[in-house]
Amino acid sequence: MESLESTTAVLVPVLRICGDDHLILTRRSRKISHPGQMSFPGGHRENGETLLECAVREMEEEIGASPSRIEEVCPLGVTTTVTSGKVIVPFIGFIDRPFFRLNRSEVEDLVFLSIPALKYVSPEPIVMPSGKVTIRYRFPGFIVWGATARIIESSLNRIVELIDRRNRGMPLCNDGLIDNKKE
């Protein structure tokens, strides 16, 4: 089992805008580690906290999206950072309305990345100064690279499948994680 220090969780928020589903990315504040980089809301879990609770708490702390605004959450595939070997456990969460309150000490701004746009961009390899290899996606005005890019690459088919299931009114996952859907 990983220690609390080596395991982090992120929420991969999805929001429907003008008929298209978008991933919500944060541009990290210049005041914290990895300044200016694109990431999903997330961080280290606290004592007694599950990874899902961590991801949801971090989303609320960073972008101000209330947990009650998340309609459904499902786990995605685990990834590890190339540089430090930190384990990252991502969860996809469907946000039911676009209301955000950014924590400016952690988040500079939000970027809404449409799922259809991801079909036209392929990840490119990046060789780090250490010789280790990661990937990046280039978009007009920003680049997504490292662990965030690898989460997107490894989870994109699953994300598209979950969005399709959700749009057809089918259950997403049977993990009993979160389902705030109103009856």
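Note that the structure is predicted; figures quoted are calculated from it, not measured. Position numbers for residues start from 1 in each chain and track the written sequence from start to end. At least 70 in pLDDT is required for a residue's local features to be given in this predicted model, at least 80 for side-chain atom pairs to be given and counted, and no such filter applies to totals for whole chains, interfaces and linings, which use all residues. Hydrogens are left out, water is left out, and the side-chain values use all remaining heavy atoms of the structure.

### Focus on the pairing of strand β11 (residues 142-145)
Because side chains alternate across β11, one face comprises the buried residues Phe142 and Val144, and the other comprises Ile143 and Trp145, none of which is buried. In this structure, strand β10 (residues 133-139) lies alongside β11, joined through 4 bridges in antiparallel fashion. Paired with Arg136 across the strands is Trp145, a residue of β11. Hairpin remark: β10 followed by β11, antiparallel, with 2 residues in the connecting loop; positive phi at Gly141, about 90 degrees. Only protein chains enter the calculation, and the probe is 1.4 Å; a residue is then buried if its accessible area is under 20% of its type maximum, exposed if over 50%, and partly exposed in between. The numbering of helices and of strands both runs from the N terminus, where a helix is a DSSP run of H or I of at least 4 residues and a strand a run of E of at least 2. Strands are labelled as partners when DSSP assigns at least two bridges between them.

### Concerning the confidence of the model for the protein
Per residue, pLDDT captures the predictor's confidence, and it can take any value from 0 to 100. Of all residues in the protein, 87% have pLDDT values of 70 or greater, and the mean over the chain is 85. By the convention used here, residues are in contact when the closest approach between their heavy atoms is within 4.5 Å. Within the model, the stretch residues 176-183 combines pLDDT values under 50 with 21 contacts to residues more than four positions away or in other chains.

### So, helix α3 (residues 146-167)
By definition here, a helix of n residues has an expected span of 1.5 Å times n minus one. The end-to-end C-alpha distance of α3 is 30 Å, a good match for the 32 Å that 22 residues give at a rise of 1.5 Å each. Its axis deflected by about 60 degrees at Ser155, α3 carries its strongest bend there. Downstream of α3 by a residue or two, Gly169 has a phi angle that is positive, lying close to 75 degrees. At any given residue, the bend is defined as the angle formed between two axes, one fitted to the seven residues that end at that position and one fitted to the seven that begin there.

### Observations concerning unusual backbone geometry
A positive phi angle is found at Cys18, which is not glycine, with a value near 50 degrees. Here Cys18 falls in the exposed class, since its relative accessible area comes to 80%.

### Here's the deal with the side chain of Asp21
In this fold, Asp21 is placed in strand β2 (residues 20-28). Polar contacts here mean pairs of N or O atoms no more than 3.5 Å apart (in protein, one a potential hydrogen donor and the other a potential acceptor; neighbouring residues in sequence count only if both atoms are side-chain atoms). Side chain to side chain, Asp21 and Arg16 meet in a polar contact 2.7 Å long. Setting aside anything within four residues of it in sequence, one finds Asp21 in contact with Val14, Leu15, Arg16, Leu113, Ser114, Ile115, Pro116, Ile163 and Asn167.

### A word on the environment of Ile92
Tracing the sequence through the fold places Ile92 in strand β7 (residues 87-95). For Ile92, a relative accessible area of 0% translates into the label buried. Put simply, Ile92 and Leu76 are 16 residues apart on the chain and 6.6 Å apart in space, counted from C-alpha to C-alpha. Not counting residues up to four positions away in its chain, the partners in contact with Ile92 are Val12, Val14, Glu72, Val73, Cys74, Leu76, Ile159 and Leu162.

### Side note on the environment of Ser155
Take Ser155: it is sitting in helix α3. Once residues within four sequence positions are removed from consideration, Ser155 is found in contact with Leu76 and Gly77.

### Topic: the pattern of salt bridges
A pairing counts as a salt bridge when a side-chain nitrogen of Lys or Arg comes within 4 Å of a carboxyl oxygen of Asp or Glu. All told, the structure shown has 13 salt bridges when counted by the stated rule. For Arg166, the salt bridge goes to Glu72, with nearest N and O atoms at 3.4 Å. Taken together, the residues Arg166 in helix α3 and Glu72 in strand β5 (residues 70-75) connect sequence positions 94 residues apart. Accessibility classification places Arg166 together with Glu72 in one group, the buried group. For Glu161, the salt bridge identified is with Arg158, shortest N-O distance 3.1 Å. Taken as a pair, Glu161 and Arg158 lie in helix α3 at a separation of 3 residues, close to a single helical turn.

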